[in-house]
Amino acid sequence: CAHDFGRANMVVNYYLVHGNYYKKYFLPDNPDVDNYCLIGDIEIEAILDNKEKQCKDLYINIKRDKRIVTVFVVFTLFLPDAKSGLGNLMGGLFDREDARKALERLWRPFLEWADSQDDLFFIFKGKTGLHQYEHPFMKKLLSVISHEKYYQNDEFLVKDLIAISDCTISAGNSSTLYSALCLGKPAISYNFSMPGYSPVIEYDKHLVATNPDELISNLTHILKHGISESVFEKVRKDHYAEGNLDFKAAERIKKLMKEIISN
């Protein structure tokens, strides 16, 4: 749902979009697109061969007697020399110590609060292959939480974690955010990098936080009061094809490609 000014002057035959939300953002800025194709939300990640063992490991390590909060956030913005282009880019632009201080300022208060919550269990999942939690900055940051109160594993599937979570936390307008909302699970966008750009706030003000205090406050509110079903219905209508929650985006893409080739 971000503006796509970079392609505004391109002539595009087919533009794949999640749902009707394109009419608000893409359409005004991209007049030369012939066909907007509604495919639904899709989270692309590797499916491991040991999926059965993976799920077993998930349920062994997760504390099922507590409410679960999963954090789907890429931290490479703060990690100089991280194993990603963004981490290396930021490491070259900003002082290493400044990056560490920013990471501490934006996340340490939340993690300290998390450590004080005896009825909550936290899961931290990064993108597979990124290894962000191996970075010294992240190791030090997670040391704030007692080991019995959290679990970290990048190999778990997003959909499996959403299924067992009471609320999730993502950054910006990520696919994990909308995947959770489409599945009827509360999700908070921690918009620390673009505080003035929070489209998801139109559904419910508690779905967006721009600092640790807001993140704690909104998470506390959601866990106590939940989110209205009408919010999830609106999100599905806007972001999941025609509102049909079938999670068959891959099949729609395959069908579309066949039609394009045949034409």
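(A) Seen up close, the overall build of the protein chain. Tallying secondary structure elements over the protein chain gives ten helices and eight strands in all. Per-residue burial for the protein chain yields a buried fraction of 48% across its 263 residues. Intrachain contacts of the protein chain at a sequence separation of at least 6 include 64% that bridge at least 24 residues.

(B) How the structure looks around the nonpolar core. By size, the foremost hydrophobic cluster in this structure holds 73 residues, and its most contacted members are Trp107, Phe110 and Ile169. The residues contacting Phe110, other than those within four sequence positions of it, are Phe122, Ile169, Pro212, Leu215, Ile216 and Leu219.

(C) Main features of the sheet that holds strand E4 (residues 120–124). Judged by pairing direction, the sheet is parallel, and its six strands sit side by side in the order E5-E4-E3-E6-E7-E8 without closing on themselves. At either margin of the open sheet sits one strand with a lone partner, and together these are strand E5 (150–152) and strand E8 (208–209). In terms of strand pairing, E4 meets E5 through three bridges, oriented parallel. Bridging across to E5, Phe124 finds its partner in Gln152. Against the sheet, helix H8 (residues 212–225) makes contact with strand E3 (67–72), E4, strand E6 (167–170), strand E7 (187–190) and E8, and its axis sits at roughly 175° relative to E7, the strand it touches most.

(D) Looking closely at H8. Taking 1.5 Å of rise per residue, 14 residues should cover 20 Å, and H8 covers 20 Å from first to last C-alpha, within 8% of that figure. Among the residues trailing H8, Gly226 stands out with phi positive, at a value near 75°.

(E) Main features of empty space enclosed by the protein. In total, this model carries one cavity of 30 Å³ or more according to the counting rule given. Computed from the structure, the largest cavity encloses a volume of approximately 30 Å³. In terms of lining, the largest cavity is formed by Phe75, Trp107, Leu111, Phe124, Met138, Leu141 and Leu142. If you tally residues by element for the lining of the largest cavity, the top one is helix H5 (residues 136–142), at three residues. When grouped by side-chain class, the residues that make up the lining of the largest cavity number seven nonpolar, no polar and no charged.

(F) Up close: the packing of aromatic side chains. Tallying each qualifying case throughout the model produces 13 aromatic pairs. Summarising the aromatic geometry, the rings of Phe75 and Tyr133 are spaced 6.0 Å apart at their centres and angled 75° between planes, so their arrangement reads as edge-to-face. Placement of Phe75 in the loop between E3 and helix H3 (85–93) and of Tyr133 in the loop between E4 and H5 is noted, with a sequence separation of 58 residues between them. Across the pair, exposure class does not vary: Phe75 and Tyr133 are buried alike.

(G) Representation of the confidence of the model for the protein chain within the structure. On average, residues of the protein chain score 84 in pLDDT, and 82% of them are at 70 or above. H8 holds the highest mean pLDDT among the elements of the protein chain, 97, whereas H3 holds the lowest, 51.

(H) Region of interest: the side chain of Glu104. Position of Glu104 relative to the elements: it lies in helix H4 (residues 96–115). Setting aside residues no more than four positions away along its own chain, Glu104 makes contact with Pro109, Lys140 and Leu141.

(I) Here's a closer look at the environment of Leu245. Looking at the secondary structure, you find Leu245 in the loop between helix H9 (229–239) and helix H10 (249–262). Remark: the alpha-carbon pair of Leu245 and Asp41, spanning 204 residues in sequence, is separated by 9.2 Å. Once residues lying within four places of it in the same chain are set aside, the contact partners of Leu245 are Cys182, Leu183, Arg236 and Tyr240.

(J) Representation of a nonpolar patch on the surface. Residues Leu183, Leu245 and Phe247 make up a contiguous nonpolar surface patch of roughly 230 Å² in combined accessible area. The class of Leu245 is partly exposed, set by a relative accessible area of 37%.

What counts, and at which threshold
Residues numbered from 1 in each chain as written. Predicted model: local features only at pLDDT ≥ 70, side-chain atom pairs only at ≥ 80, totals over all residues. Heavy atoms only, no water. Helix = DSSP H or I, 4+ residues; strand = E, 2+ residues; numbered from the N terminus. Buried < 20%, exposed > 50% of the residue type's maximum accessible area, 1.4 Å probe, protein only. Contact = heavy atoms within 4.5 Å. Core = buried A, V, L, I, M, F, W, Y, C linked by side-chain atoms within 4.5 Å. Pairing = 2+ DSSP bridges. Axes fitted to C-alpha atoms, helices over the stretch in contact; angles between N-to-C directions. Expected span 1.5 Å × (residues − 1). 1 Å grid on protein atoms, 1.4 Å probe; cavity = no way out; pocket = protein on both sides within 12 Å on 5 of 7 lines; lining within 4 Å. Points joined across faces, edges and corners; volume = space filled by probe spheres on them. Nonpolar A, V, L, I, M, F, W, Y, C, P; charged D, E, K, R; others polar. Phe/Tyr/Trp six-rings, centres within 6.5 Å; stacked < 30°, edge-to-face > 60°. pLDDT = per-residue confidence, 0-100. Patch = residues over 30% accessible without salt bridge, like charges linked within 9 Å, V, L, I, M, F, W, Y side chains within 5 Å. Areas by Shrake-Rupley, 256 points an atom, 1.4 Å probe, with all protein chains shown as cover. Salt bridge = Lys/Arg side-chain N within 4 Å of Asp/Glu carboxyl O.

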